[in-house]
Every structure is written in structure tokens, then in C-alpha cells.
Amino acid sequence: MRLAAVDLGASSGRVMAGTVGPGVLSVQEVHRFANGGVRVAHAGGSTLHWDILGLYRELLTGVQAAHKAGALDGLGIDSWAVDYGLLDASGALLGNPVNYRDARTEGVAERVLESVPARELFDVTGLQQLPFNTLYQLLAERDLSAAETMLLIPDLLNYWLTGVRGAERTNASTTQLYDVRSREWAVDLATRVGIPPRLLPPLRDPGTVVGTLLPDLAAELALPELPVVAVGSHDTASAVVGVPAEPGANFAYISSGTWSLVGLELDEPELGDAALAANFTNEGGVDGTIRFLRNVMGLWVLSESLRTWEAQGTPVALPSVLAQAAEVPALSAVVDIDAPVFLPPGDMPSRIRQACAETGQRVPETPGEIVRCVLDSLALAYRRTVRQASELTGRPVDVVHVVGGGVRNELLCQLTADACGVPVLAGPVEAAALGNVLVQARALGADLPDLAAMRALIRDTHELRRYEPSGREADWALAAARIDPKVVA
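For the protein chain, the name recorded in an unreviewed UniProt entry is Rhamnulokinase family protein, with Amycolatopsis tucumanensis as its organism. Annotation of the protein chain in UniProt includes, under Sequence similarities (unreviewed entry), the sentence "Belongs to the FGGY kinase family."

So this is what it looks like as C-alpha cells:
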């Protein structure tokens, strides 16, 4: 079975051609393209948008290329969460989707919490409080009167491919408008905060065949009327399918990319007061699982540092600066990588220097020192989050699986093992694409009855790298205390 996996990230997208069969699982990149925010000025200032039509064009180009290389049997789309397009009653898009990093939601969450307490929001949705959650974005819209339907990014693209509207549950669960217990839209909550329930489209499970390519579109692209499958359309949901954990293993996962999603796979949501206080989230996973996790500021800070140096006329090659970072003494300087200052685009090296100065640490100056600070700080955030997840659920963690682009960063993988104090199994890099094609394949008839079968196929067909901890956990505890004196080793 040959399948196209469209995997859209916040900084780049790609179309992968996947092959699935007995003892066979592979993906190959056939088309890659840039993604990112496009800032547009208007009378009231400016707004950071996504170029959704450009993404759609690249998607079609990639699917065509994949089909030319070998006839396709289906396609599925996963992407980042929370962002959406609004359709009018005719199904026309009302405007370019706004990028979650736009400042329009400033202060919105605080206003909502005045009328709906955080405890109540969490009890219904199980969601981590993030300023860009879909609930807050919708309330930041200037006017919803013309909007008939909200479609999250993968669902919008599926609609353009098939003409069928809907919302896949793993991504719907990230909106803060989804009831994590009933697995339905939280209509009462939406009404209470002022969001018209008409905006919430019918829900569907991952593995549902949405429809087939519209006949005119298929003819225009010289493609067959392919089935389009709603996969785990939040890219982390697909990536967690691609975590090659052994059955019964006490594992944590880190889906490492622009963001790092760090957590455990549960059967039921964890909605206790401690989970709320720790700002953990309960998002839907494939086969009714729960992704109990926290968003950690991932490789975004590193990529923005590289972009800053290039813009300043002193470009730095990633392999070279990682080699320099490896020579810098461990934990020379660390920052709270999840601090709000690191969320928006901008001059990350200057922000890192300032954060180190404010905490009385030696200020990193060279690119190698700054990158080492970023990677040590990321590993500290992973340590904190893995330990919190274990404490909140009462589940031990004996191994951490790292999947996604961060697998290629060998220094970060080793630092993660050192910081967490347990082995790290790194790989596969293409976990999201693999999870995407596995869910497609099952929907289209492959003998993959459950997650265990899917993960067994990954282990049988992909090589993993193991990193052992250094045994210097006390050093990491002291470093954590530098940025948060309340930390206890």
C-alpha cells in the first residue's frame, strides 16, 4: 500500500510517500517547502497570518509528485494545532488564518478566567492554559457574524480536497472547546464565553475516511479520486503513534521539533488539582488514548538564534555551532526556556544573554556558548516535565523516547538522558509521517489492529539509538535551582 503523508510544521512542510505492508514500513520525502508567518499591515497595526493558499498549493504539488513516483492509494494530513480558518455560509474562506504567535490574544485569557474559573475550564477541557488556545483566538476575532464554520488547518485542507466539513478529534481536543471526558464539543462552555456553537463542525475519529478527491480537482491534477483519511491530524498525535515503545513499557515521550511535546500516554485524563497547577494538558490520541503532556519551548529558540545571526550578517552553520557547543562546559549558563520572552520571533541571543544576566550567571557570548545554553536549558525543561508527569500520574518512567527532528541533534539527546537520569531511545526522525501513514493504512484495510501492532512494525523496520545517562543528576538539580529556587532535586 502506497500512501501520501502531508506533514505540516510551523516552520516547514513536506509530503512523504509511505509504503506499508507485512514487515514493510518506510517513508520517503518527495516535496519539502518553507512555512512561517506572514505579517500584514492594516489600519489598526498588523497581523501575523499563515499563507494557507501557498500551503495548499504545495500540498497539491507534493501529492502529484508522490503519485508520479508510484500510484497512491490514499492521503492524510497532519499539522500544528489550534489555528483555523473561518468559512461563510457558502463555504468560502473569510480570511487567511492567523498565526498563533500573533499578539491579538494578549489579555483575552485573563478576561475569560474572570467569568469561567481555571478549575472549571480544566475540568471540562483538560487543557493547558496557553494564550493562543483556539478559544482565546476566536474571542479575539473582530467579527464572527459572517462565520458559519471553523475548520482547523488539516480539516480546512481536507475540506478543499473533498468538499466534506468536519473536525478530527485529536486536533479538536487542543482547542479548549472540547470536552475531554465525553469526547464531544463543549457546547455549553462555548455558549457561556460567547462563541457561537454553529462554528463547531461535526467530529470524526482518526482513521475515518473523510471522502475522496473532488472529481474536478482529481482531473485537474491528473490524479485518481483518492480516499482522504482523517489521521491523527494534530502532528503530535501522529508522532505519538510513531513512538516505538515496547508493550507495557513505562515510557515518556518527547516529540522534538519547533515545539517539544513532553509527556505520557494514558487511558484516561488526569484532571486533579496538581495537574492543573502544573499546567499539564490532556489531549486526545489515536485509539481513544490521552496525551498527557506539556508544551516545552523546543528547537524554536535555536532556529530563531540561527536566523538572527544570519540577519545580522554573521551566518552560523548548525553542524559547526553544535560542535562548538559540545566543547562548552556543561551547565555554564541556563535559562527558563519556557519563559514568555522566548515565545515571539526576534533576537534570541540577546534575550538569552539578558536572562542569564538577570539571574546572576555568566553571560554566554559566542554562538557556541549560546547554543549550549539553549540545549542545556531544553534538557532541564525536559527533566522537569518528565518528572512532573510521573509524579502527577503515579507512573514511573524507565525510558524516554525522543522522536522527530530533534533526534538528529545528538548532543541534545545525550543531554536529555543526562538530565532525566534514564536511558533515551532516539528515533524515528519521521515519527509523525509514520504515524500518519499507519493510521491511513489501517483505515484502508491493513492488518494493524492496534497501537501495539503499529509500534511493533516501526521497531522491526527502523533503527533506534540508545543514550545512557551520565549519572550526574546532582549537577542538573543545582542548575535547575539557579533558574527556580523552589526546585527540589
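Focus: the overall build of the protein chain
Scanning the protein chain from terminus to terminus reveals 18 helices and 21 strands. The C-alpha atoms of the protein chain give a radius of gyration of 22 Å, which matches the 23 Å a tight globule of 489 residues would have. Considered along the principal axes of its C-alpha atoms, the protein chain spans approximately 60 × 55 × 50 Å. If you take every contact in the protein chain between residues at least 6 apart in sequence, the share linking residues at least 24 apart comes to 73%. Carbon and sulfur atoms form 52% of the exposed surface of the protein chain, whose accessible area is close to 18,400 Å².

Points about the environment of Arg307
Note on placement: Arg307 falls in helix α11 (residues 300–311). Arg307 sits in the partly exposed class, given a relative accessible area of 39%. Placed 152 residues apart in sequence, Arg307 and Asp155 show a C-alpha to C-alpha distance of 31 Å.

So, unusual backbone geometry
Glycine aside, a negative phi is what most residues show, and trans is what most peptide bonds show. Along the chain, Gly427 connects to Pro428 via a cis peptide bond; the corresponding omega equals 0°. Mapped onto the secondary structure, Pro428 falls in the loop between β20 (424–426) and α16 (431–443). Of note in this structure, Val82 is not a glycine but carries a positive phi near 70°. For Val82, the location among the structural elements is in the loop between β6 (74–78) and β7 (84–87). Positive phi outside glycine occurs at Asp287, with the angle close to 60°. Residue placement: Asp287 occurs in the loop between β17 (281–284) and β18 (290–296).

A closer look at the pattern of salt bridges
Taken as a whole and judged by the stated rule, the model has 29 salt bridges. Between Glu246 and Arg459 there is a salt bridge; the shortest N-O distance is 3.7 Å. Of this pair, Glu246 sits in the loop between α9 (235–241) and β15 (251–256) while Arg459 sits in helix α17 (residues 451–461), placing them 213 residues apart in sequence. Assessed through its relative accessible area of 48%, Glu246 is described here as partly exposed. Arg362 is paired through a salt bridge with Glu369; the nearest N and O atoms lie 2.8 Å apart. Take Glu369: its relative accessible area is 17%, and that puts it in the buried class. What you see here is one network of salt bridges that share partners, running through Asp7, Arg14, Arg408 and Glu430.

Concerning the packing of α16 against α17
The interhelical angle for the contact between α16 and α17, taken along N-to-C directions, is 125°, at an axis separation of 11 Å. Of the possible angle classes, the one that applies to α16 and α17 is oblique. Here α16 and α17 pass one another in a crossing that is right-handed. Where α16 abuts α17, its residues Leu438, Val439 and Arg442 lie against Met454, Leu457 and Ile458. Looking at the contact of α16 with α17 residue by residue, the classes come out as five nonpolar, no polar and one charged.

Quick notes on the UniProt feature "domain: Carbohydrate kinase FGGY N-terminal" (unreviewed entry) in the protein chain
The positions UniProt marks with the feature "domain: Carbohydrate kinase FGGY N-terminal" (unreviewed entry) are residues 68–242. A distance of 26 Å separates the end C-alpha atoms of residues 68–242, which is 34% helix and 17% strand.

Some remarks on the sheet that holds strand β14 (residues 227–230)
Here we have six strands laid out as an open sheet, ordered β3-β2-β1-β6-β14-β13, and mixed in their pairing. Edge strands, defined here as strands with exactly one partner in the open sheet, are β3 (24–34) and β13 (208–212). Adjacent strand axes in the sheet meet at a mean angle of 25°, parallel and antiparallel pairs treated alike. Of the strand pairs in this sheet, β13 and β14 are connected by four bridges, and their pairing is antiparallel. Paired with Thr212 across the two strands is Pro227, which belongs to β14. Sitting on the sheet, helix α5 (residues 153–162) touches β1 (2–8), β6, β13 and β14, and the angle it makes with β6 is about 150°.

So, the packing of aromatic side chains
Here the structure, examined in full by the defined rule, presents seven aromatic pairs. Relative to Trp185, the ring of Tyr178 lies with its centre 6.4 Å away and its plane at 85°, an arrangement referred to as edge-to-face. Of the two residues, Tyr178 and Trp185, neither departs from the other in class, the shared state being buried. Through a chain of ring-to-ring contacts, three or more aromatic side chains come together here, namely Trp50, Trp80, Tyr100, Phe132 and Trp259. One Lys or Arg, Arg101, reaches over the ring of Trp300 and ends 3.7 Å from the middle of that ring.

Cut-off values and rules
Residues numbered from 1 in each chain as written. Predicted model: local features only at pLDDT ≥ 70, side-chain atom pairs only at ≥ 80, totals over all residues. Heavy atoms only, no water. UniProt positions renumbered as here; feature names shortened; annotations may be inferred. Helix = DSSP H or I, 4+ residues; strand = E, 2+ residues; numbered from the N terminus. Rg over C-alpha atoms; globule rule 2.2 N^0.38 Å. Contact = heavy atoms within 4.5 Å. Areas by Shrake-Rupley, 256 points an atom, 1.4 Å probe, with all protein chains shown as cover. Buried < 20%, exposed > 50% of the residue type's maximum accessible area, 1.4 Å probe, protein only. Salt bridge = Lys/Arg side-chain N within 4 Å of Asp/Glu carboxyl O. Axes fitted to C-alpha atoms, helices over the stretch in contact; angles between N-to-C directions. Parallel < 35°, antiparallel > 145°, perpendicular 65-115°, else oblique. Left-handed = near helix turned anticlockwise from the far one by under 90°. Nonpolar A, V, L, I, M, F, W, Y, C, P; charged D, E, K, R; others polar. Pairing = 2+ DSSP bridges. Phe/Tyr/Trp six-rings, centres within 6.5 Å; stacked < 30°, edge-to-face > 60°. Lys NZ or Arg CZ within 6 Å of the ring centre and 35° of its normal.

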